[in-house]
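Letter by letter, the chains look like this.
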Amino acid sequence: MTEWYEIWADCGLSPPYLLLVHADVGAYNVIDPQEGGKVVFSAGEYESVKLWLLEDEYERMSERVGED
């Protein structure tokens, strides 16, 4: 698996609250940059991370960065 990042935002807030999704070997981590880079959710499948973010009304804001 190739390492990559995505930016997700809760656009219902002003300013929007941002989270990063980081894909690394065997794990997909949701990172909160406003909490010092703390991992706030982790799963072995991207779909689980995506559903967790969508449940809290986050939207993907960017294409993946770092993917080959």
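This one's a predicted model, so the numbers in the text were calculated from it and none came from an experiment.

Draft legend 1. Examining the pairing of strand β3 (residues 27–32) more closely. In terms of burial, β3 is largely enclosed, as 6 of its 6 residues are buried. Residues Ala27, Asn29 and Ile31 point to one face of β3 and Tyr28, Val30 and Asp32 to the other, with burial holding for every one of them. Sheet topology note: the strand β2 (residues 17–24)/β3 ladder contains 5 bridges and is antiparallel. Counted as the bridge partner of Val21 is Val30 from β3. The antiparallel pairing of β2 with β3 creates a hairpin that spans 2 residues between the two strands, and Gly26 there sits at a positive phi of about 75 degrees. As defined by bridge partners, β3 adjoins strand β4 (residues 38–43) across 5 bridges and the pair is classed as antiparallel. Bridged to Tyr28 within β4 is Ala43. Here β3 folds back onto β4, and the loop between the two strands holds 5 residues, one of which, Gly36, carries a positive phi near 70 degrees.

Reading the values: the criteria
- Residues numbered from 1 in each chain as written.
- Predicted model: local features only at pLDDT ≥ 70, side-chain atom pairs only at ≥ 80, totals over all residues.
- Heavy atoms only, no water.
- Buried < 20%, exposed > 50% of the residue type's maximum accessible area, 1.4 Å probe, protein only.
- Helix = DSSP H or I, 4+ residues; strand = E, 2+ residues; numbered from the N terminus.
- Pairing = 2+ DSSP bridges.

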